[in-house]
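Topology and contacts: notes
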Amino acid sequence: MPLYTFKKITPVPTSNELQDIVLSGTNKHTPTVVHKQYAIHRIRAFYMRKVKYCSQSYHDKLALILEEFPLLDDLHPFYGDLLNVLYDRDHYKLALAQLSIAKKLVDSIGTEYCKYLKYADSLYRCKQLKRAALGRMTSVIKQQSASLAYLEQVRQHLGRLPSIDPVSKSLILAGFPNVGKSSLMNVITNANVDTQPYPFTTKSLFIGHTDFNYTQWQVIDTPGILDHPLEERNVIEMQSITALAHLPSCVLYLMDVSGSCGYTIQQQAQLFKTMRPLFSQKPVVLVLNKIDICPMNQLEEEERKIIEEIKGMSTLCCECSCYKPELYGELKTKACGLLKETVTQDRFSGKKGELLLNKLRVTMPKKRDDIARPAVAAPVIKEMETDEIEPEMTQCQKELIKYQHDFEAYERGEIPWSEYMKEREKYILDNDEWRYDVIPEIVDGMNIADYVDPDIEKKLEELEKEEQEQLLTATMEFDDSMKLSEEDQKLYEEIVEAQGVLKAVSKAKKGNENNRIENMTRGRSRNELQEHLEDLGIDTETAHQTSKLAKSKSRSRTKSVKRGRDIPFMEEEETNDKRGRSNSRKRSRSNSLIRKGEEHSMPRQEMRDKAERLRRKAIDALHRQSRTGESDRKHDIERPKWLLAGKRTAGTHDWR
Ligand SMILES: Nc1nc2c(ncn2[C@@H]2O[C@H](COP(=O)(O)OP(=O)(O)OP(=O)(O)O)[C@@H](O)[C@H]2O)c(=O)[nH]1
Ligand SMILES: [Mg+2]
């Protein structure tokens, strides 16, 4: 879990964006329609809400920025100094302070104008006050445009900073530019830092991780440092100085002994001497790099002397080359070991160490006498070991134990089946027959097979036979009692036949063509059938009329579908009816039945047409009315006068 989450800071909007967000939010989240007819308290509340919402939105946005940006005084000195180097402490503090002032100003404008709105006496005044309030708030935000832009840049840069843990152990690579710091970093860790054969390739801090003694260690690559006064150092160099000054670490000071970096050994030694006070409390390893190009024995006497001199100032000295794994491996082990030692020493030195040691107490007991006291096992365990069984146990219990033991051994596949059966011969049971039972579990001298009745199948068969016989006799008795006399039988048949006829008639009523009654039914003529039905007391005349009607109905429907082909037939039918209407009229009306009495009440065709027209008109009006009822919600288009009728241009609409 990182200590600082700079990457999670919310993007800072520009002043224009902030205005847009807040003003459109105010419009969106507050009501937009007001009328001058409203009671004044309602109008005031409407505008007050807008002013309050706007000021609260500005307040929230600014508060979020102030909350998320870290306060320099709360940060670890390393990050505090790094921010100072990168973004200038004063500038940073000033930007945040200005935003804080803007927030307070917006709040005070909001409360002030809400107070004024309480005394506004018309919609116009309320509106003007709201405009003034929102305008003033926006002007305040406009003034913060520079601070907001600066903070956004800081946010973007902070997000790109390496997440260095300022309290955990780290190895810092320092030295002149181009001495091979990044190359060493790349071979020790997987950081993959850019390396080039020219100075100042690395321009900011880089972090990598390496494992040593099952713990993770930070390795920090720093930009190169030149030997000049602190005041003249640029931002790139100052980052290295910050890291060297504040991180609890082991400093690896790299020296290019080959001189291929462009700086002499004297210059590099001088820098080491200048920088030494900066890390006086930390272990320093002097790394003589690029040994592969120029081994130590090829160095001049003077150079060797200088190196010997600064060796004395460092804790440790190592020769190294990133092309010799054994050398940089050894360097890593030595540096990590040194740092670990220093950290442990630091912990135990001072008050903290004393407190820690006070909590520990190691006791070394002295010998009382020379009597030997070996470890003693419990008697039960001993018995188990010697396989002795207690004498109080009955023989059967012992056997049972044996049986379980053997059975488990058989289950595990340790003894074969034959041996398992042999073991069974030793069982002492009440009855010897139980010895080889398939299910040997015995409850009160019985096993489950003893409870099964051997005659159960036989008994079941007998029971089923008896049941079948009883069923047969019962059906025969029922048939005898249901026999009809001859007369009754005839009457029954006639009733069945009549029912059939009635069914056919009802089907014909429904107009199903397939079920139409034919002239001949079941070998009898229609007249015969009619007579027969009348004998039975059924009114055949009505049935006949209905069936006729059904026929005409069904035929007309067919005609409407296949109009072109059936016209001659239809005309013939209509002339038979002698209704005296025009062909077209007849065709259109053929689908509906003629209303009863219509012909008698209105003998003339024109009158009938007029009546029909009036009827339709009345129905149409009814239909139209039925579309909207009292309960239906009406949406009258409302034109907000205060928006549309005001002074808009210098043209015709400026009368208000
Ligand atoms: N022969 C040899 N060349 C090396 C060794 N270490 C680094 N170099 C070369 O030295 C050059 C500079 O290496 P860098 O790792 O970029 O040096 P640096 O100290 O990080 O340089 P800055 O980032 O500019 O400060 C590169 O061309 C490397 O190939 C080494 O052990 N032996
Ligand atoms: Mg580098």
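Residues numbered from 1 in each chain as written. Chains lettered and ligands numbered in written order. Predicted model: local features only at pLDDT ≥ 70, side-chain atom pairs only at ≥ 80, totals over all residues. Heavy atoms only, no water.

- The name an unreviewed UniProt entry assigns to the chain is Nucleolar GTP-binding protein 1, from the organism Entamoeba dispar.
- For the record of the chain, the UniProt heading Sequence similarities (unreviewed entry) holds the text "Belongs to the TRAFAC class OBG-HflX-like GTPase superfamily. OBG GTPase family. NOG subfamily."
- What the UniProt record of the chain gives under Function (unreviewed entry) is the line "Involved in the biogenesis of the 60S ribosomal subunit." (UniProt positions renumbered as here; feature names shortened; annotations may be inferred.)

**Concerning the overall build of the chain**
- Along its length, the chain carries 24 helices and 6 strands.
- Among the 656 residues that make up the chain, the fraction classed as buried is 31%.
- Taking the intrachain contacts of the chain between residues at least 6 apart in sequence as the baseline, contacts between residues at least 24 apart amount to 66%.
- For the chain, the accessible surface area stands at approximately 45,300 Å², while carbon and sulfur atoms represent 53% of it. (Helix = DSSP H or I, 4+ residues; strand = E, 2+ residues; numbered from the N terminus. Buried < 20%, exposed > 50% of the residue type's maximum accessible area, 1.4 Å probe, protein only. Contact = heavy atoms within 4.5 Å. Areas by Shrake-Rupley, 256 points an atom, 1.4 Å probe, with all protein chains shown as cover.)

**Considerations on the coordination of the magnesium ion (ligand 2)**
- Looking at the magnesium ion (ligand 2), one finds its protein donor set to be Ser182 (OG) and Thr202 (OG1), positioned 2.0 Å from the metal centre. Linking Ser182 in helix 7 (residues 181-188) with Thr202 in the loop between helix 7 and strand 2 (206-212), this pair joins segments that are 20 residues apart in sequence. Neither residue differs from the other here; Ser182 and Thr202 are each classed as buried. (Donors = N, O, S within 2.8 Å, 3.2 Å for Na, K, Ca; no water.)

**Considering the sheet that holds strand 3 (residues 215-221)**
- Pairing in this open sheet of 6 strands is mixed, and the strands run 2-3-1-4-5-6 from one edge to the other. A strand with exactly one partner marks an edge of an open sheet, and here the two such strands are strand 2 and strand 6 (316-319). Sheet twist, expressed as the average angle between the axes of neighbouring strands with direction ignored, equals 25 degrees.
- Relative to strand 4 (residues 249-256), strand 1 (residues 170-175) runs parallel, the two being bridged by 6 bridges. From the neighbouring strand, Gly175 faces strand 4, where its bridge partner is Leu254.
- In this fold helix 10 (residues 301-313) packs onto strand 4, strand 5 (284-289) and strand 6, with an angle of close to 155 degrees to the strand it touches most, strand 5. (Pairing = 2+ DSSP bridges. Axes fitted to C-alpha atoms, helices over the stretch in contact; angles between N-to-C directions.)

**Some words on the packing of helix 3 (residues 77-87) against helix 6 (residues 145-160)**
- One way to put it is that helix 3 packs onto helix 6 with a least axis distance of 12 Å and a crossing angle of 125 degrees. Taken together, the axis directions place helix 3 and helix 6 in an arrangement best described as oblique. Note on packing geometry: the crossing formed by helix 3 with helix 6 is right-handed. From helix 3, Leu83, Leu86 and Tyr87 reach across to helix 6, where they touch Tyr150, Val154, His157 and Leu158.
- When its residues are assigned to classes, the contact of helix 3 with helix 6 shows 6 nonpolar, 1 polar and no charged. (Parallel < 35°, antiparallel > 145°, perpendicular 65-115°, else oblique. Left-handed = near helix turned anticlockwise from the far one by under 90°. Nonpolar A, V, L, I, M, F, W, Y, C, P; charged D, E, K, R; others polar.)

**Considerations on the site of ligand 1**
- Ser182, Ser183, Phe200, Thr201 and Thr202 are the nearest of the 23 residues found near ligand 1.
- Val179 has a polar backbone atom sitting 3.2 Å from an oxygen atom of ligand 1.
- Between ligand 1 and the protein, one listed contact pairs an oxygen atom with a backbone N or O atom of Cys322 at 2.9 Å.
- Out of a free accessible area of 650 Å², ligand 1 has 89% covered by protein chains.
- Ranked by residue count, the leading element in the shell around ligand 1 is helix 7, at 3 residues. (Near = heavy atom within 4 Å. Polar contact = N/O pair within 3.5 Å; in protein donor to acceptor, adjacent residues only side chain to side chain.)

**Re the packing of aromatic side chains**
- Applying the stated criterion to the full structure yields 8 aromatic pairs.
- The cationic tip of Lys169 hangs over the ring face of Trp217; the distance from NZ or CZ to the ring centre is 4.9 Å. (Phe/Tyr/Trp six-rings, centres within 6.5 Å; stacked < 30°, edge-to-face > 60°. Lys NZ or Arg CZ within 6 Å of the ring centre and 35° of its normal.)

**Notes on helix 10**
- Between the first and last C-alpha of helix 10 there are 19 Å, a value that for 13 residues agrees with the 18 Å anticipated at 1.5 Å per step.
- Buried within helix 10 we find Ile306, Ile307 and Ile310. All buried residues of helix 10 project into a common sector of 100 degrees when viewed along the axis, lining one side. Along helix 10, exposed side chains directed more than 90 degrees from the buried face belong to Glu301, Lys305 and Gly312. (Expected span 1.5 Å × (residues − 1). Arc of directions from axis to C-beta.)

**Observations regarding the packing of helix 2 (residues 40-68) against helix 5 (residues 123-143)**
- In the contact formed by helix 2 and helix 5, the axes pass within 9 Å of each other and the chain directions differ by 5 degrees. Taken together, the axes of helix 2 and helix 5 lie roughly parallel to each other. Residues Ile43, Arg44, Tyr47, Lys50, Val51, Cys54, Ser55, Tyr58 and Leu62 of helix 2 touch helix 5, and the partners they reach there are Leu123, Cys126, Lys127, Lys130, Ala133, Leu134, Met137, Thr138 and Ile141.
- The residue makeup of the contact of helix 2 with helix 5, split by class, is 12 nonpolar, 2 polar and 4 charged.

**Some points on unusual backbone geometry**
- Here Asn178, not a glycine, exhibits a phi torsion of approximately 70 degrees, which is positive.
- Turning to its location among the elements, Asn178 is positioned in the loop between strand 1 and helix 7.
- Backbone geometry places Phe200, a non-glycine residue, at a positive phi of 55 degrees.
- Checked against the element boundaries, Phe200 lands in the loop between helix 7 and strand 2.

**Some details on the pattern of salt bridges**
- The final tally for this structure, using the stated rule, is 15 salt bridges.
- Across the pair Arg89 and Asp73 runs a salt bridge, and its minimum N-O distance is 4.0 Å. Note that Arg89 is positioned in helix 4 (residues 89-117) and Asp73 in the loop between helix 2 and helix 3, a separation of 16 residues in sequence.
- With a relative accessible area of 25%, Arg89 lands in the partly exposed category.
- Close ionic contact of Lys93 with Asp73 constitutes a salt bridge, the shortest N to O distance being 3.7 Å. Of the two residues, Lys93 is situated in helix 4 and Asp73 in the loop between helix 2 and helix 3; the sequence distance between them amounts to 20 residues.
- Taken together, the salt bridges that share partners define one network made up of Asp73, Arg89 and Lys93. (Salt bridge = Lys/Arg side-chain N within 4 Å of Asp/Glu carboxyl O.)

**Structural notes on the nonpolar core**
- Core analysis: the largest hydrophobic core is formed by 105 residues, its most contacted members being Phe69, Leu151 and Val285.
- When residues of this core are assigned to domains, at least three map to each of domain 1 (6-157) and domain 2 (163-354).
- With sequence-adjacent residues up to four places away left out, Val285 is seen in contact with Cys250, Val251, Leu252, Tyr253, Leu316, Cys318, Leu331, Ala335 and Leu338. (Core = buried A, V, L, I, M, F, W, Y, C linked by side-chain atoms within 4.5 Å. Domains from an automatic or database assignment.)

**A look at the side chain of Ser249**
- The residue Ser249 is located in strand 4 in this model.
- Leave out the neighbours within four places in its chain, and Ser249 touches Ser170, Ile172, Lys282, Pro283 and Leu339.

**So, a nonpolar patch on the surface**
- Together, Phe348, Leu356, Leu357 and Leu360 line one region of the surface with nonpolar side chains, adding up to about 380 Å² of accessible area.
- Residue placement: Leu357 occurs in helix 12 (residues 350-359).
- The exposure class of Leu357 is partly exposed, given its relative accessible area of 45%. (Patch = residues over 30% accessible without salt bridge, like charges linked within 9 Å, V, L, I, M, F, W, Y side chains within 5 Å.)

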